[in-house]
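# Understanding the architecture of this molecule
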Amino acid sequence: MSTFKQWSLCKILAVALCVLIAGEAHFALAAQANQQDPFETALAQAREAYFAAKYPEAKTILEKLIGDLAPIEGRDSFKGETFLLMGATYEMLKFKELAIKYFCRAKAVLGEGRSIEGLELKNFKYYKADCTGAAGTIAGSTAVRRRSFLGGLFGTLLFLSVIGAGAYLLWKYVIKKSDSGTSDTTYVYKSACFSTAWHVEIYSEWYGDTPGTVSFTPADTAPNPNENNGWTDSVTYTFSTSGGSLKSISLKMSVTVSGGDNGIRRDQAWVDNVSILDATNTFTQACSAPGSKDYNEIYQRTSTGSFVLKHTINLSGSNNVHSAVTVTKK
């Protein structure tokens, strides 16, 4: 009789534990359902900015989203769509190397030819580029860890609840806390954190009422030091006029450098092997809103012809840089 009562008490306790666990799970799932996924929200904002042709705004949102996704396991399809939109944004901003890189990362996750609504891949020339060695390591690879829920068939509910509670506390107060303390080290792909923009202004005066034309080639091209620190790139420019009767002409070159997240960068530049820039800056702003430093009129000339601009960057705190040139004629 005593054994029967004890067994009945065990069953009552087991049922009570089941009800409590089910209730807690129900409320937890309900709370989770009521919370909007911040990653989905960020991607939606980036898509809206992109299709409104606000490419710099889309780039800023996607940079932060990719950084936030880096330590997250799984969600490969979502990451692939994010990489795809990042590649499209970089192509619209004329950053060839970065566009190819993110298109390749998207293809590695999503597969060849898979797109998102509104993006016609045939319209992106950099999507067709060869991805051999370009995609690099994909943050959040396609190998998804799956946790097994198979447990012992004869374990008691009390034992399972204790194990579950212990695992939850371990994850919340030890594992998750530890991850949050090292998350910055996972931001490997902050490619737009450091950027360089070269600006060229050309002023010309002409005799008579019919001015000639001024050309500066190659247009929209600048020295582009890429992923390896200290790697130097150079561009040869031709500065010429045609037609009309030229009275005077001058060229002024300036540069804006930017960065963030406690990054240190040293910029050096030369024109025809003559130093025009040697500066070191520390940027403490976040990469989503990097700081900037202008160096105005670091090179001037009043004659046409060709010249070579060489630029090198040594970085600490970022893996990639990009560069662009803007030409203004007056």
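A brief report on the enclosed structure follows. (Residues numbered from 1 in each chain as written. Predicted model: local features only at pLDDT ≥ 70, side-chain atom pairs only at ≥ 80, totals over all residues. Heavy atoms only, no water.)

## Focus on unusual backbone geometry
- Of note, the bond from T217 into P218 is cis; its omega dihedral lies within 30 degrees of zero at -5 degrees.
- Structurally, P218 is set in the loop between strand 2 (213-217) and strand 3 (232-242).
- In this structure, A53 is a non-glycine residue whose phi angle is positive, near 65 degrees.
- When you line up the elements, A53 lands in the loop between helix 2 (38-51) and helix 3 (55-69). (Helix = DSSP H or I, 4+ residues; strand = E, 2+ residues; numbered from the N terminus.)

## Considerations on the state of the cysteines
- In this structure the tally under the stated criterion is 1 disulfide.
- The residue that forms a disulfide with C104 is C131, at a sulfur-sulfur distance of 2.0 Å. Looking along the S-S bond of the C104-C131 disulfide, the torsion reads about -85 degrees, which is the left-handed sense. Here C131 lies in the loop between helix 5 (96-110) and helix 6 (157-181) and C104 lies in helix 5, a separation of 27 residues in the sequence.
- Given the relative accessible area of 24%, C131 is considered partly exposed. (Disulfide = S-S within 2.5 Å. Buried < 20%, exposed > 50% of the residue type's maximum accessible area, 1.4 Å probe, protein only.)

## Considerations on the packing of helix 2 against helix 4 (residues 76-92)
- Interaxial distance between helix 2 and helix 4 falls to 11 Å at its minimum, and their mutual angle equals 25 degrees. In terms of their interaxial angle, helix 2 and helix 4 are classed as roughly parallel. Once helix 2 is placed against helix 4, the crossing between them reads as left-handed. Touching F39, E40, L43, A46, R47 and Y50 of helix 2 are F78, E81, T82, L85, A88, T89 and M92, all from helix 4.
- Here the contact of helix 2 with helix 4 is built from residues that sort into 8 nonpolar, 2 polar and 3 charged. (Axes fitted to C-alpha atoms, helices over the stretch in contact; angles between N-to-C directions. Parallel < 35°, antiparallel > 145°, perpendicular 65-115°, else oblique. Left-handed = near helix turned anticlockwise from the far one by under 90°. Contact = heavy atoms within 4.5 Å. Nonpolar A, V, L, I, M, F, W, Y, C, P; charged D, E, K, R; others polar.)

## Quick look at the nonpolar core
- Counting 35 residues, the largest nonpolar core has Y50, L65, L84, L85, F103 and L119 as its most contacted members.
- For this core, the secondary structure elements donating two or more residues are helix 2, helix 3, helix 4 and helix 5.
- Top element by residues in this core is helix 5. It accounts for 8 residues.
- Beyond its immediate sequence surroundings of up to four residues, L119 is in contact with Y50, F51, L84, L85, A88 and F124.
- Membership of the second largest hydrophobic core comes to 29 residues, among which are W206, F216, Y299 and L309. (Core = buried A, V, L, I, M, F, W, Y, C linked by side-chain atoms within 4.5 Å.)

## Remarks on the pattern of salt bridges
- Evaluation of the coordinates by the stated rule reveals 8 salt bridges.
- Residues D37 and R75 are paired through a salt bridge, measuring 2.8 Å at the closest nitrogen-oxygen approach. Within this pair, whereas D37 is found in the loop between helix 1 (2-34) and helix 2, its partner R75 is found in the loop between helix 3 and helix 4, the two being separated by 38 residues in sequence.
- Taking relative accessible area as the criterion, D37 reaches 25% and is therefore assigned partly exposed.
- Among the residues examined, R75 registers a relative accessible area of 29% and is labelled partly exposed.
- With a closest N to O distance of 3.9 Å, K107 and E112 form a salt bridge.
- With a relative accessible area of 63%, E112 lands in the exposed category.
- A single salt-bridge network, built from bridges that share partners, covers D37, E40 and R75. (Salt bridge = Lys/Arg side-chain N within 4 Å of Asp/Glu carboxyl O.)

## Considering the pairing of strand 5 (residues 263-271)
- Pairing of strand 5 with strand 6 (residues 274-283), which is carried by 9 bridges, proceeds in the antiparallel orientation. What sits directly across from Q268, in strand 6, is D278.
- Taking the residues between adjacent antiparallel strands as the criterion, strand 5 and strand 6 are bridged by 2 residues, where D272 takes a positive phi near 50 degrees. (Pairing = 2+ DSSP bridges.)

## Some words on a nonpolar patch on the surface
- A cluster of nonpolar side chains, L157, F159, L160 and I163, forms an exposed patch at the surface whose accessible area comes to about 360 Å².
- Summarising the element assignment, F159 is placed in helix 6. (Patch = residues over 30% accessible without salt bridge, like charges linked within 9 Å, V, L, I, M, F, W, Y side chains within 5 Å. Areas by Shrake-Rupley, 256 points an atom, 1.4 Å probe, with all protein chains shown as cover.)

## Describing the packing of aromatic side chains
- Counted by the stated rule, this structure contains 11 aromatic pairs.
- Taken together, the ring pairs connect F83, Y90, F95 and Y102 into an aromatic cluster.
- Residue placement shows K107 over the ring face of Y127; its charged tip is 4.7 Å from the ring centre.
- Sitting over the face of the ring of Y295, K293 holds its NZ or CZ atom 5.9 Å from the ring centroid. (Phe/Tyr/Trp six-rings, centres within 6.5 Å; stacked < 30°, edge-to-face > 60°. Lys NZ or Arg CZ within 6 Å of the ring centre and 35° of its normal.)

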